[in-house]
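Residue strings, one per chain:
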Amino acid sequence: MKVLVYGSGGRDHCLSDKYGDSQHVDKVFFAPGNPGVSYTPKGKRGLIERIPIKDLNEIADFCVDRNIDLVDVGSENPLEEGLVDILNERGIRTVGPKKEFVRLESDRAFTDDLLRKIGVPKPEYRVFDDPANASEYVRNIGYQVVVKANGLAAGKGAIVCDDVPDAEAAIEKIMVKKVFGESGNRVVIEERKYGTEISFFAYLDGMHVMPLKTFAQDYKPAFDPDDKELIDHFGGNLNTGGTGCYCPHKLVSPWLVNRIIKEIVNPTVNAIYNDLGWAYKGVIYFGLNLDPYDRLDVFEINVRHGDPEWPVIARKLSTDLFEIGMAVWDGTLDRITQVWNKQHYVDVIGMEGRSKASKGWNKGYPGRYGKGHKILDLDKIEKGVAIFFAGVDENPEKGLVTYGGRALHVIAGDSTLKGARDKAYRNIELLAFEDHNNNGANCLRFRKTIGL
Ligand code: GLY
């Protein structure tokens, strides 16, 4: 069988890798992909091949010409542009929702209203199209809020606020300065919740739902709590979408998994199938908060695998991903058995840190960061530790170099969480991003507290 994964980030690289593990699959195409894949064992063997085609119609032509058996669309933008619809019209099997169903992620206000209507718990919220009205609201409600761009923002569109000035600054950033582009024409202002973040996933096949029986914890802030200088410089600990992750979450238990399925997953999927009438086929991500009083709340729904949650969950999942993907397409998820290994996994993201610019310094991701830094010592990584690439490029002289702020994931597994943490950190410490403007100093930065 031949699979094509559409996407270019770490989650998409990981999807390609997981399909490559399937007993049914002898070739995975990764489009438009990233050049990092050819530096990994499956890339070197040709099991995964990068196809640098971006255009959606050209992808459909490629799939028809090469008899691709299944396409998994990893990221939200091509889903919103209708890649699944284009492929299905050409008779190609897919994993991922149709364009219309992407609204669950691309229109927070729509999803919040749906959840409120069906009684799925979520924080208090209000929707605003006008920044002056939004500011007046935050001046008057008294409690802390999170200000969220309504549209797609690559998992980064939420600003967590401590007080009214923070909230007004967030409204200005999103609605006036448009830091997340047109996604910020409308904002959702939500009550800030405290507690533990949970990333929960379920596969849907248009008829059934298969909630995954384990879950992960994502680390969204850019810095560790004691990175005071950087936090001050950026005016707060910015939300990046993910700087690391671990699985299983310390709170995983059959009791909590059942509660999440009963209180959140089943009513939401029921509303998708029966109230909206959508035959949704793909994965759904539920971003949840469990507060100190054991109350669960949904703070976001995405129509794709989480990044960096998927790399740790995928390594723990022993069920053949091609069998899951085909069941999503065929409407036979009820016949799939979930098998999970007993390991713990930790994913630490290697980011662009402080580097020398032509004038002055780059502070590094999530602020201005340098590019083109050679990635050193990949060959030192221990066997069994996975590297998935995200923001990387290839340079004719240097080989693999950094290109994005989050360049790579280092994922390690062990029978204990501590063992997995130690292994992930031992390995990321072997790597370096060579700052050519600063005598080859290492400008790789990573958070130190993932999994703690
Ligand atoms: N980790 C959150 C996301 O994928 O958006």
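As a reminder, the structure under discussion sits directly above these lines.
In this text, all values refer to a predicted model and were calculated from it rather than measured experimentally.

**Details of the site of the ligand**
Here is step 1: Surrounding the ligand, one finds nine residues, the nearest of these being Asp218, Gly241, Arg304, Asp307 and Glu309.
Here is step 2: The cavity that encloses the ligand is the second largest pocket.
Here is step 3: Here the residues of the shell around the ligand are counted per class, giving one nonpolar, four polar and four charged.

**Considering the sheet that holds strand E3 (residues 48-50)**
Here is step 1: Pairing is parallel across the open sheet formed by five strands, whose spatial order is E3-E2-E1-E4-E5. Edge positions in the open sheet fall to E3 and strand E5 (94-95), since each of these has one partner strand only.
Here is step 2: Helix H1 (residues 10-20) contacts strand E1 (2-7), strand E2 (27-32), E3, strand E4 (70-73) and E5 of the sheet and is inclined by roughly 170 degrees relative to E1.

**Structural notes on the state of the cysteines**
Here is step 1: With the rule as written, the count across this model stands at zero disulfides.
Here is step 2: Sulfur of Cys245: no disulfide; nearest cysteine sulfur belongs to Cys247 and is 7.3 Å away.
Here is step 3: Look at Cys245 and you get buried, because its relative accessible area is 0%.

**A word on the packing of H1 against helix H12 (residues 309-316)**
To describe two helices that pack against each other, one gives the angle between their axes and the distance between the axes.
Here is step 1: It is the contact of H1 with H12, at a shortest axis distance of 8 Å, that shows an interaxial angle of 15 degrees. Here H1 is positioned roughly parallel relative to H12, judged by the angle of their axes. Along this stretch, H1 crosses H12, giving a crossing that reads as left-handed. On H12, the residues touching Arg11, Cys14, Leu15, Asp17 and Lys18 of H1 are Trp310, Pro311, Ala314 and Arg315.

**Some points on the packing of aromatic side chains**
Here is step 1: Under the criterion given, the structure shown has eleven aromatic pairs.
Here is step 2: Counting every residue linked through ring pairs, the aromatic cluster contains Phe101, Phe110, Trp278 and Tyr280.
Here is step 3: Its end group placed over the ring of Trp361, Lys356 keeps NZ or CZ at 5.5 Å from the ring centre.

**Here's the deal with the layout of surface pockets**
Here is step 1: Within this model, the largest pocket holds a volume of roughly 1600 Å³.
Here is step 2: Forming the walls of the largest pocket are 50 residues, and the residues nearest its centre are Val160, Lys220, Pro221, Asn237 and Asn239.
Here is step 3: When residues of the lining of the largest pocket are traced back to their parent elements, those giving at least two are strand E7 (145-149), strand E8 (158-160), helix H9 (164-176), strand E9 (187-191), strand E10 (196-205), strand E12 (217-221), strand E13 (239-247) and strand E15 (296-302).
Here is step 4: When residues of the lining of the largest pocket are assigned to their parent elements, the largest contribution, five residues, is made by E12.

**Details of the nonpolar core**
Here is step 1: If you look at the biggest cluster of nonpolar residues, it comprises 52 residues, and the most contacted ones within it are Leu4, Ile59, Leu104, Phe200, Ile260, Tyr280 and Phe286.
Here is step 2: The element that contributes the greatest number of residues to this core is helix H11 (residues 254-275), accounting for ten residues.
Here is step 3: Filtering out sequence-adjacent residues up to four positions away, Tyr280 remains in contact with Pro97, Phe101, Leu104, Leu204, Asp205, Gly206, Ile272, Tyr273 and Val303.
Here is step 4: In terms of nonpolar packing, the next biggest core, distinct from the first, is built from 39 residues, Val37, Cys245, Met326 and Trp340 among them.

**Details of unusual backbone geometry**
Here is step 1: Following Ala31, the chain continues into Pro32 via a peptide bond in cis, with omega recorded as -15 degrees.
Here is step 2: Structurally, Pro32 is set in strand E2.
Here is step 3: Cis geometry marks the peptide bond from Tyr365 to Pro366; its omega dihedral reads 10 degrees.
Here is step 4: Of note in the backbone geometry, Lys178 takes a positive phi value of approximately 55 degrees without being a glycine.
Here is step 5: Note on placement: Lys178 falls in the loop between H9 and E9.

**Observations concerning the side chain of Thr40**
Here is step 1: Along the chain, Thr40 turns up in the loop between E2 and helix H2 (41-44).
Here is step 2: There is a polar contact of 2.6 Å between the side chain of Thr40 and the backbone oxygen of Val37.
Here is step 3: Setting aside chain neighbours within four positions, we find Thr40 in contact with His13, Ile387 and Phe389.

Quick notes on the rules
- Residues numbered from 1 in each chain as written.
- Predicted model: local features only at pLDDT ≥ 70, side-chain atom pairs only at ≥ 80, totals over all residues.
- Heavy atoms only, no water.
- Near = heavy atom within 4 Å.
- 1 Å grid on protein atoms, 1.4 Å probe; cavity = no way out; pocket = protein on both sides within 12 Å on 5 of 7 lines; lining within 4 Å.
- Sits in = over half its atoms within 2 Å of the grid points.
- Nonpolar A, V, L, I, M, F, W, Y, C, P; charged D, E, K, R; others polar.
- Pairing = 2+ DSSP bridges.
- Helix = DSSP H or I, 4+ residues; strand = E, 2+ residues; numbered from the N terminus.
- Contact = heavy atoms within 4.5 Å.
- Axes fitted to C-alpha atoms, helices over the stretch in contact; angles between N-to-C directions.
- Disulfide = S-S within 2.5 Å.
- Buried < 20%, exposed > 50% of the residue type's maximum accessible area, 1.4 Å probe, protein only.
- Parallel < 35°, antiparallel > 145°, perpendicular 65-115°, else oblique.
- Left-handed = near helix turned anticlockwise from the far one by under 90°.
- Phe/Tyr/Trp six-rings, centres within 6.5 Å; stacked < 30°, edge-to-face > 60°.
- Lys NZ or Arg CZ within 6 Å of the ring centre and 35° of its normal.
- Points joined across faces, edges and corners; volume = space filled by probe spheres on them.
- Core = buried A, V, L, I, M, F, W, Y, C linked by side-chain atoms within 4.5 Å.
- Polar contact = N/O pair within 3.5 Å; in protein donor to acceptor, adjacent residues only side chain to side chain.

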